[in-house]
Amino acid sequence: MATNGETKKPPPTPSPLRNAKFFQANMRILVTGGAGFIGSHLVDKLMENEKNEVIVVDNYFTGSKDNLRKWIGHPRFELVRHDITEPLLVEVDQIYHLACPASPIFYKHNPVKTIKTNVIGTLNMLGLAKRVGARILLTSTSEVYGDPLVHPQPENYWGNVNPIGVRSCYDEGKRVAETLMFDYHRQHGIEIRIARIFNTYGPRMNIDDGRVVSNFIAQALRGEPLTVQAPGTQTRSFCYVSDMVDGLLRLMEGQHTGPINIGNPGEFTMQELAETVKELINPDVEIKMVENTPDDPRQRKPDITKAKELLGWEPKIKLRDGLPLMEEDFRLRLGVPKKK
Ligand SMILES: NC(=O)c1ccc[n+]([C@@H]2O[C@H](COP(=O)([O-])OP(=O)(O)OC[C@H]3O[C@@H](n4cnc5c(N)ncnc54)[C@H](O)[C@@H]3O)[C@@H](O)[C@H]2O)c1
Ligand SMILES: O=c1ccn([C@@H]2O[C@H](COP(=O)(O)OP(=O)(O)O[C@H]3OC[C@@H](O)[C@H](O)[C@H]3O)[C@@H](O)[C@H]2O)c(=O)[nH]1
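Quick notes on the rules
Residues numbered from 1 in each chain as written. Chains lettered and ligands numbered in written order. Predicted model: local features only at pLDDT ≥ 70, side-chain atom pairs only at ≥ 80, totals over all residues. Heavy atoms only, no water. Helix = DSSP H or I, 4+ residues; strand = E, 2+ residues; numbered from the N terminus. Rg over C-alpha atoms; globule rule 2.2 N^0.38 Å. Buried < 20%, exposed > 50% of the residue type's maximum accessible area, 1.4 Å probe, protein only. Contact = heavy atoms within 4.5 Å. Lys, Arg positive; Asp, Glu negative; His and termini not counted. Charge placed at Lys NZ, Arg CZ, Asp CG, Glu CD. Near = heavy atom within 4 Å. Polar contact = N/O pair within 3.5 Å; in protein donor to acceptor, adjacent residues only side chain to side chain. Areas by Shrake-Rupley, 256 points an atom, 1.4 Å probe, with all protein chains shown as cover. Nonpolar A, V, L, I, M, F, W, Y, C, P; charged D, E, K, R; others polar. Core = buried A, V, L, I, M, F, W, Y, C linked by side-chain atoms within 4.5 Å. Phe/Tyr/Trp six-rings, centres within 6.5 Å; stacked < 30°, edge-to-face > 60°. Axes fitted to C-alpha atoms, helices over the stretch in contact; angles between N-to-C directions. Parallel < 35°, antiparallel > 145°, perpendicular 65-115°, else oblique. Left-handed = near helix turned anticlockwise from the far one by under 90°. Pairing = 2+ DSSP bridges.

Looking now at the overall build of the chain. Helix and strand content of the chain: nine helices and 13 strands. The C-alpha radius of gyration of the chain comes to 22 Å, within 12% of the 20 Å expected for a compact globule of 340 residues. Dimensions of the chain, computed from C-alpha atoms along their principal axes, come out at roughly 90 × 50 × 40 Å. The proportion of buried residues among the 340 residues of the chain is 50%. Here the contacts in the chain between residues at least 6 apart in sequence split such that 81% fall between residues at least 24 apart. Side chains of the chain give 44 positive and 42 negative charges; the mean places of these two sets differ by 4 Å.

Quick look at the structure:
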């Protein structure tokens, strides 16, 4: 009611845009680290749903705008340069929290920054989730199992991690991030989801990322020796990125907090991986044994019983089928056409 003699104004008419298609979006989703390898594939999948608006925040340490170029300028998409060690205020319904360098070379490059990203960055994202009531999913890692003494690794295995080693900024950082997620869940009722991701590969990995699959493919295409780090008998299990994204979406949409292992249980020694890459991509290339780095886990293979039972998820793409898809992307980016 106007009490001071002014004429009462009718309420403002809503903008005509309110009725436009894009304003009917009913889920606003934040993806931290969305300019990186897994993050950008996740964004592609989220953007396929016309009811999603996607906001990516990234500091471009290991990610690139190029991974998101098809979405830049799209009305349901926003890209923000932001470092998650600083607070962030955005109104969102869900948070996929991926921001963190994942390649050992990059996460060891500035270990203090890596642990800040895992601890302060995760605190900031949990603070945001609490403030706006968003559900938050953390991409944790198989590295929380350290150099595992139980094989394959189920989620109830507590791990064998060196707390003062060169990898601890990452593996202990992710363990603290998981602790923070559960403390916010128990203390503040935040809806949480934790994925423990095992080695993932696919198109868009940085060519000089330093991880084993990208190294071997780039080396094979450049005609350089494949560098197997000694002893070469250490094992890993490799999941193709589309399978990974499918697992993350099911976890976010499902009813289980996790942690849930998401990975492909096919297990290979690094020597076997090198031989497979050689056979599929360049039979003329040499395989060379080189020195390893400290605390390299000797074996790793997910027990995915929980993912199968609770999420109805299991990987579909075998290593032999995934490697050629990644080869194609690397050939384009390196300018090495396939011989006829
Ligand atoms: N790819 C794997 O094999 C694997 C395995 C286990 C866990 N993970 C986890 O999945 C997530 C994504 O991994 P990826 O392979 O896509 O790695 P990536 O390095 O390609 O992507 C990480 C992204 O986070 C961004 N980032 C890093 N620090 C940041 C900060 N402080 N603020 C804002 N942005 C920041 C990077 O610029 C990059 O775009 C990571 O959390 C990683 O720990 C990956
Ligand atoms: O050129 C290389 C690179 C690596 N390797 C070996 O390949 C194995 C895998 O190494 P990567 O650097 O690809 O990755 P890691 O398995 O050590 O860590 C990975 O797994 C868990 C995730 O959380 C991490 O983000 C991811 O990098 C290691 O045994 C390493 O010694 C080689 O033999 N040659």
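On to the site of ligand 2, then. Near ligand 2 lie 23 residues; those nearest to it are Ala102, Thr141, Thr227, Gln229 and Arg236. One of the backbone nitrogen or oxygen atoms of valine 212 is found 2.8 Å away from an oxygen atom of ligand 2. Interatomic distance of 2.8 Å between a side-chain N/O atom of asparagine 215 and an oxygen atom of ligand 2. Considered on its own, ligand 2 offers 660 Å² of accessible surface; in the complex 94% of this is hidden by protein. Elements represented by at least two residues in the shell around ligand 2 include exactly α5 (212-222) and β8 (226-229). Looking at side-chain class alone, the shell around ligand 2 contains seven nonpolar, 10 polar and six charged residues.

So, on to the nonpolar core. Within the largest apolar cluster, 58 residues are counted, with the highest numbers of intra-cluster contacts made by Val31, Val43, Tyr96 and Tyr201. Element by element, the count of residues in this core is highest for helix α6 (residues 241-253), at seven residues. When near neighbours in sequence (up to four residues on either side) are disregarded, tyrosine 96 contacts Ile29, Leu30, Val31, Thr32, Leu42, Leu46, Leu137, Leu248, Leu249 and Met252. One finds Leu88, Leu128, Ala177 and Met181 within the second-largest nonpolar core, a separate group that totals 22 residues.

Turning to the packing of aromatic side chains, a few remarks are in order. As enumerated under the stated definition, the model contains five aromatic pairs in all. The interplanar angle of 75 degrees and the centroid separation of 6.0 Å between the aromatic rings of phenylalanine 61 and phenylalanine 106 together place this pair among those described as edge-to-face. Within this pair, whereas phenylalanine 61 is found in the loop between β2 (52-58) and β3 (77-81), its partner phenylalanine 106 is found in helix α2 (residues 104-109), the two being separated by 45 residues in sequence. Look at phenylalanine 61 and you get partly exposed, because its relative accessible area is 37%. Take phenylalanine 106: its relative accessible area is 23%, and that puts it in the partly exposed class. Clustering of aromatic rings is evident, with ring pairs tying together Tyr145, Tyr157 and Phe198.

Looking now at the packing of helix α7 (residues 270-281) against helix α9 (residues 319-334). Interhelical geometry of α7 versus α9 gives an angle of 60 degrees and a closest axis separation of 11 Å. When the interaxial angle is binned, α7 and α9 end up oblique. The handedness of the crossing between α7 and α9 is right-handed. Contacts between α7 and α9 pair Leu273, Thr276, Val277, Glu279, Leu280 and Ile281 from the former with Leu319, Arg320, Leu323, Glu327 and Arg331 from the latter. A class-by-class count of the residues in the contact of α7 with α9 yields six nonpolar, one polar and four charged.

In spatial order, the strands read β3-β2-β1-β4-β5-β6-β11; together these seven strands make up an open sheet with parallel pairing. The open sheet has two free edges, formed respectively by β3 and β11 (260-262), since each of these has just one partner strand. Strand after strand, the sheet turns through a mean of 20 degrees between neighbouring axes, direction not considered. Both strand β1 (residues 27-32) and β2 contribute to a ladder of six bridges, which runs parallel. Each residue of the ladder has a partner; that of arginine 28, found in β2, is glutamate 53. Relative to strand β4 (residues 94-97), helix α3 (residues 111-132) is tilted by about 170 degrees, and along the sheet it contacts β1, β4 and β5 (135-141). The strands touched by helix α4 (residues 168-188) are β5 and β6 (192-197); relative to β5, the strand with the most contacts, the crossing angle is about 155 degrees.

Once that is clear, we can look at the environment of phenylalanine 106. Separated by 103 residues in sequence, phenylalanine 106 and aspartate 209 place their C-alpha atoms 7.8 Å apart. When near neighbours in sequence (up to four residues on either side) are disregarded, phenylalanine 106 contacts Phe61, Thr62, Pro101, Asp208 and Asp209.

Now for the pairing of β8. Side chains Leu226 and Val228 of β8 all project onto a buried face; the interleaved residues Thr227 and Gln229 project onto a face where none is buried. In terms of strand pairing, β8 meets strand β13 (residues 287-290) through four bridges, oriented parallel. Residue pairing across strands places leucine 226 opposite isoleucine 287, the latter belonging to β13.

All right, on to the side chain of threonine 141 then. Along the chain, threonine 141 falls in strand β5. Residue threonine 141 is classed as buried on the basis of its relative accessible area, which comes to 4%. A polar atom in the side chain of threonine 141 sits 2.8 Å from the backbone nitrogen of glutamate 143. If near-sequence neighbours (up to four positions away) are discounted, threonine 141 is found in contact with Tyr170, Lys174, Ala195, Arg196 and Ile197.

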